[in-house]
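Understanding the architecture of this molecule
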Amino acid sequence: GERPYTCDVCSKAFSQKKDLTAHQRIHSGERPYTCDVCSKAFSQKNHLTAHQRIHTGERPYVCDVCNKTFSQQSGLVYHQLRHSGERPYTCDVCNKAFRLQSTLISHQRTHSGEHPYTCDVCNKGFSQQINLINHRRIHSGERPYICDMCNKAFRHHSNLIRHQRLHSGKCP
């Protein structure tokens, strides 16, 4: 179809003016939609709506195979790939297959050695952003995972889970 509205920054074209306006916020950094619970701001109204489900607990998307519910449609779509077994993205180096393109891209860094995420304190590089986020907690001392039985705090979610087995008596 016709796309008469063009971004003057990156030349991406849109069929509707409202879509161009929303897109331009990527370049401007404008975030006009704010959560009234936690004050987090968003560039698009639908992103705010999806975020608000964190606070309300609403999970309107339901898997028709196992009835698992999701707060976002993308979570349901990804989950449904588990039932189908579909892994449409394949590494051209080792032929390992992935459900998501983003997981493939992250995996490919194991072959290239690329570390695009760098700690601004010690300059250590990481191939995945989550590993950098976890690493930064060493410098900040942040321990965001709290045991609800004894209030002991942990840097990593996996350490909290392992610790909670001590309370339940379900040690591996």
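The notes below deal with the structure included here. Values in this document were obtained by computation on a predicted structure and should not be read as measured data. (Residues numbered from 1 in each chain as written. Predicted model: local features only at pLDDT ≥ 70, side-chain atom pairs only at ≥ 80, totals over all residues. Heavy atoms only, no water.)

1. Describing helix α3 (residues 73-84)
Taking 1.5 Å per residue as the helical rise, α3 with its 12 residues ought to reach 16 Å, and the 17 Å between its terminal C-alpha atoms agrees with that figure. Among the residues of α3, those classed as buried are Leu76, His79 and Leu81. Tucked inside the fold, the buried residues of α3 contact β5 (61-62) and β6 (69-70). Backbone geometry just after α3 places Gly85 at a positive phi near 75°. (Helix = DSSP H or I, 4+ residues; strand = E, 2+ residues; numbered from the N terminus. Expected span 1.5 Å × (residues − 1). Buried < 20%, exposed > 50% of the residue type's maximum accessible area, 1.4 Å probe, protein only. Contact = heavy atoms within 4.5 Å.)

2. Some details on unusual backbone geometry
Apart from glycine, the bulk of residues carry a negative phi angle, and the bulk of peptide bonds sit in the trans form. Positioned with a positive phi, Asn95 is a non-glycine residue whose angle comes to about 70°. Note on placement: Asn95 falls in the loop between β7 (89-90) and β8 (97-98). We note that Asn151 has phi near 70°; this positive angle belongs to a residue other than glycine. Along the chain, Asn151 falls in the loop between β11 (145-146) and β12 (153-154). Look at Asn151 and you get exposed, because its relative accessible area is 60%.

3. Regarding the environment of Thr90
Looking at where Thr90 falls in the secondary structure, it is placed in strand β7. The exposure class of Thr90 is partly exposed, given its relative accessible area of 41%. Considered as a pair, Thr90 and Leu104 are 14 residues apart in the sequence and their alpha carbons are 7.0 Å apart. Ignoring sequence-local partners within four residues, the contact set of Thr90 consists of Asn95, Lys96, Ala97 and Leu104.

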